[in-house]
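Letter by letter, the chains look like this.
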Amino acid sequence: MASVDRELKDTIPTFGKGGDPAQTVDISNWSGLASELSLVKTGAEWAAILLVAVLIIGGGELLLRLYEVPTYIMPTPSQIVGALIKDFPAIAPHVGHTLVELLTGFAIGATIGFVLAAIITQFPFAEKIIAPYVLLLVTTPMLALVPLLILKLGFGYAPRIIAVALASGPMVMINSATGFRRVDLAKIALARSFGASTLQIFLKIRIPMAMPMVIVGLMVGSIFGLLTAVGAEMVGGSFGLGNRLTYYSSLIQMPQFFACILILAMIGISIYVLFYWLGKRWAGWEA
Amino acid sequence: MADRAVKLVIDQASKYYETRTGRVHALDRFSMEVASGEFVCVIGPSGCGKSTLLWSMAGLHGLSGGRILVDGRPVDGPNAQIAMVFQEANLLPWRDLQRNIELPFEIRRQPPDRARIDGLLERVGLSGFGAKYPRELSGGMQQRASIVRALSVNPSILLMDEPFGALDAFTREEMNLLIEEIWLETKKTIVFITHSIPEAVFLADRIFVMSARPGRLTRVFDIDLPRPRDVEVTTRPHFVELVAEIKRSIEHKPAARAA
Ligand SMILES: Nc1ncnc2c1ncn2[C@@H]1O[C@H](COP(=O)(O)OP(=O)(O)O)[C@@H](O)[C@H]1O
Ligand SMILES: [Mg+2]
């Protein structure tokens, strides 16, 4: 039932000039990525998801024990959780390092990306010139630059933060730019007719209008940032979760290795939930 | 009209748009005078320059020739005396009704006139809807909210650009009655654009008819139907006659058809 409704809704264009704004419905469809969570609605669906998790974890535990798979090939879930608890004091500082790199790099990249998008979309000519370079930044894996950055800047935070910023910034920028390009002349004229200044139009019309796409950019950009931070840590240096992955695997300490992956998964999911929630709050008006 | 002060003067207004494919001549030496408290309608075929004319009055864009005076002063930008009501309510979807209506105050950095706003919401039957978002309201309710938004700052001139064009016939009729009542109560000067002749006849003191692009004034009709007008009036022979006469006058403009 629900899925049929959703499909029907997706085939009806909800935007465009003739659209009746009163008809817009669901508030969670503001991006493909962001709508994933909203697929899960009822308690029963949550219960089913939990059940699948229990089956996978329990089944994995059972099979690994049954076939006596050695720990160095694949540890059981209970061994992973055990390692997570036992070795957490040793791993925790590395979580901190990764988060510092991610948050700093993302803050820098996202700010620059957002501001550039806001400015550049006001000048269509400049935008045309810059667009291919931004695309280049988006499509080139910034990880490739890390060895070079390490060569210049050493094994500290700096190369990693730069890599994270370079990975997330362009992502934030192209999505925000798409948002800022959606100008609705009637809304701008409305504000202008009440005497709004260019700045007021920007703050009260253009930014809210761009918000749904900005949040999509922040979500994608931060997840790219996490990937890049971990990748950069694997390339060089002696700290961070990525570094722990190489460390534990070189020592064949697989429970600890998977404990780190578990932590990364939780960080990723937290980022996703955060932006999903922000999207509902700031972009929920758009169906 | 001689007994009332002239509120709005449009004097030989012309407007060209420069586009990539060349010049578009949208408005051609259009002139009219509107008395204070008068209700005038402007009708004409789609694309003839009606919105262009209205946007010039609102100071949203300049003219290529001619001038527009409000209270004797030339319009050179948005004016606190003038508020616009747009086609399709043009509410901001990310704001609830209350915050939509407070937008003009926010822009002017004034505290919102709560008493006035509440009175207007009550008047149009939207009391208690302040926390609703536009998408939760019908088209008619949205348009009523946008009228409240325009009136909240107490302008002396209301410019309405096909405000009810997107509404169904019943809602439209209701809105016509409402806008006439509001006009009778507030005595605002209203310039109302429509392409519905019956709507224009129902509402207007005078109707200005425009030709196809470039928009030129072709005829002016005085509508002497008594006020207040109700739905009843639309069935009267005189009303039907006026509608027919205006229709004929438009059809007898062969320039557009031959071209
Ligand atoms: N910004 C613009 N640039 C170029 N042409 C425009 C612009 N705005 C309107 N026009 C053209 O000017 C003519 C009059 O437009 P408009 O005033 O919107 O007509 P109406 O409101 O009577 O339908 C139309 O042919 C339209 O295509
Ligand atoms: Mg128009």
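The structure displayed is predicted, hence computed values, not measured ones.

> What's the story with the overall build of chain A in this structure? I'm lost.
A count of helices and strands for chain A gives 12 helices and 0 strands. Reading chain A from its N end, one meets helices and strands in the order α-α-α-α-α-α-α-α-α-α-α-α. Split into buried and exposed, the 287 residues of chain A put 43% on the buried side. Of the contacts made within chain A by residues no fewer than 6 positions apart, 74% connect residues no fewer than 24 positions apart. Entry remark: accessible area of chain A is about 15300 Å², with carbon and sulfur atoms responsible for 75%.

> Before we go on, may I ask you to explain the packing of helix H11 (residues 241–250) of chain A against helix H12 (residues 254–283) of chain A in this structure?
The description of two helices packed together rests on the angle between their axes and the distance between the axes. Residues and elements named next belong to chain A. Relative orientation of the contacting elements H11 and H12 amounts to 160 degrees, with a least axis distance of 8 Å. As judged from the angle between their axes, H11 and H12 are roughly antiparallel. Pair H11 / H12 crosses with left-handed handedness. Together, Leu241, Arg244, Leu245, Tyr248 and Ser249 of H11 and Met254, Gln256, Phe257, Cys260, Ile261, Ile263, Leu264 and Ile267 of H12 make up the contact between the two elements.

> Is there a simple way to explain the site of ligand 1 in this structure?
Residues and elements named next belong to chain B. Close to ligand 1 lie Tyr17, Thr19, Val24, Ala26, Ser46, Gly47, Cys48, Gly49, Lys50, Ser51, Thr52 and Arg213. Glycine 47 is positioned such that a nitrogen or oxygen atom in its backbone is 2.7 Å from an oxygen atom of ligand 1. A total of 560 Å² of accessible area belongs to ligand 1 in isolation, and the protein chains cover 64% of it. For the shell around ligand 1, the secondary-structure elements that each account for two or more residues are strand S1 (6–19), strand S2 (22–35) and helix H1 (50–57).

> Can you walk me through the packing of helix H5 (residues 88–120) of chain A against H12(A) in this structure?
All names here are of chain A. Between H5 and H12, the least distance of the axes is 11 Å, while the angle of their chain directions is 35 degrees. Handedness of the H5/H12 crossing: right-handed. Counting all contacts with H5, which are made through Phe88, Ile91, Val95, Leu99, Leu102 and Phe106, the residues of H12 involved are Ala259, Cys260, Ile263, Ile267, Ile271 and Phe275. Of the residues in the contact of H5 with H12, the class split is 12 nonpolar, no polar and no charged.

> Sorry if this is basic, but what is going on with the pairing of strand S7 (residues 157–161) of chain B here?
Every regular strand shows the same layout, with side chains that alternate between the two sheet faces. All names here are of chain B. The element S7 is largely enclosed, with a buried count of 5 among its 5 residues. Neither face of S7 is exposed, since Ile157, Leu159 and Asp161 on one face and Leu158 and Met160 on the opposite face are all buried. Pairing of strand S6 (residues 82–85) with S7 involves 4 bridges; the strand directions are parallel. For alanine 83, the partnering residue across the bridge sits in S7 and is leucine 158. Where S7 lies against strand S8 (residues 189–194), 5 bridges are found, and the strand directions are parallel. In the strand pairing of S8, aspartate 161 is matched with isoleucine 193. For the crossover that starts at S7, traverses helix H6 (residues 169–186) and ends in the parallel S8, the hand is right-handed.

> How should I be thinking about empty space enclosed by the protein in this particular structure?
The gaps of empty space that remain are located by a probe, the size of a water molecule, rolled over the atoms. All names here are of chain A. Evaluation of the coordinates by the stated rule reveals 1 cavity of 30 Å³ or more. Lining the largest cavity are Gly179, Phe180, Arg182, Val183, Asp184, Ile188, Ile205, Arg206 and Met209. If you list the elements that add at least two residues to the lining of the largest cavity, you get helix H8 (157–181) and helix H10 (198–235). Here the lining of the largest cavity takes 3 residues from H10, the largest share from any one element. The residue inventory of the lining of the largest cavity, partitioned by class, reads 5 nonpolar, 1 polar and 3 charged.

> Even after reading the chapter, I still don't get the sheet that holds S7(B), so can you show me in this structure?
Consider a sheet: its strands pair through backbone hydrogen bonds, and that pairing is either parallel or antiparallel. Residues and elements named next belong to chain B. What the 6 strands build is an open sheet, ordered S6-S7-S8-S3-S9-S10; its pairing is mixed. Two strands in the sheet have a free side with no partner beyond their single neighbour: S6 and strand S10 (217–222). On average, adjacent strands in this sheet sit at an angle of 15 degrees to one another, irrespective of strand direction. Here helix H5 (residues 139–152) sits on the sheet in contact with S6 and S7, set at roughly 170 degrees to S6.

> Would you take a moment to explain the layout of surface pockets for this structure?
Here the second largest pocket defines a volume of roughly 440 Å³. If you go around the second largest pocket, you meet 17 residues; those closest to its centre are Arg281(A), Trp282(A), Ala283(A), Trp285(A) and Trp94(B). Within the residue set of the lining of the second largest pocket, elements represented by two or more residues are H10 and H12 of chain A. The element that contributes the greatest number of residues to the lining of the second largest pocket is H10(A), accounting for 5 residues. In terms of residue class, the lining of the second largest pocket is built from 10 nonpolar, 1 polar and 6 charged.

Conventions adopted
Each chain has its residues counted from 1, following the order in which its sequence is written. By the order in which they are written, chains take letters starting at A while ligands take numbers starting at 1. Local features in this predicted model are restricted to residues of pLDDT 70 or higher, and side-chain atom pairs are both shown and tallied only at a pLDDT of 80 or more, whereas totals for entire chains, interfaces and linings draw on every residue. Computation of side-chain values covers all heavy atoms of the structure but excludes hydrogens and water. Helix and strand definitions here come from DSSP, where helices need a minimum of 4 consecutive H or I residues and strands a minimum of 2 consecutive E residues; each element is numbered from the N-terminal end. The cut-offs for exposure are 20% and 50% of the maximum accessible area for each residue type, with area from a 1.4 Å probe on protein chains only; residues under the lower value are buried, those over the upper are exposed, and the others partly exposed. Any two residues whose heavy atoms approach within 4.5 Å are treated as being in contact. To measure how exposed things are, a 1.4 Å probe is used in the Shrake-Rupley method; for residues, cover is taken only from the protein chains shown. The convention used is that axes are lines fitted to C-alpha atoms, helices contributing only their stretch in contact, and that angles between N-to-C directions extend from 0 to 180 degrees. Working rule for angles: under 35 degrees goes down as roughly parallel, over 145 as roughly antiparallel, 65 to 115 as roughly perpendicular, anything else as oblique. Throughout, a crossing is termed right-handed when the near helix is turned clockwise from the far one, and left-handed when it is turned anticlockwise from it by less than a right angle. Being near a molecule or strand, for a residue, comes down to having at least one heavy atom within 4 Å of it. N or O atoms within 3.5 Å of each other form a polar contact, as long as, within protein, one can give a hydrogen and the other can take it, and as long as residues adjacent in sequence are counted only when both atoms are side-chain atoms. The classification used treats Ala, Val, Leu, Ile, Met, Phe, Trp, Tyr, Cys and Pro as nonpolar, Asp, Glu, Lys and Arg as charged, and all other residues, Gly among them, as polar. Here the rule is simple: two strands pair whenever DSSP picks up at least two bridges between them. If you view a crossover with the strands going away from you and the path from the first strand over the helix to the second runs clockwise, you call it right-handed. Cavity means a closed set of points on a 1 Å grid over the protein atoms alone, one where a 1.4 Å probe fits but cannot get out, pocket means an open set with protein on both sides within 12 Å along at least 5 of 7 lines, and lining means a residue has an atom within 4 Å of a point. Grid points are joined across faces, edges and corners, and a volume is the space filled by probe spheres set on the points.

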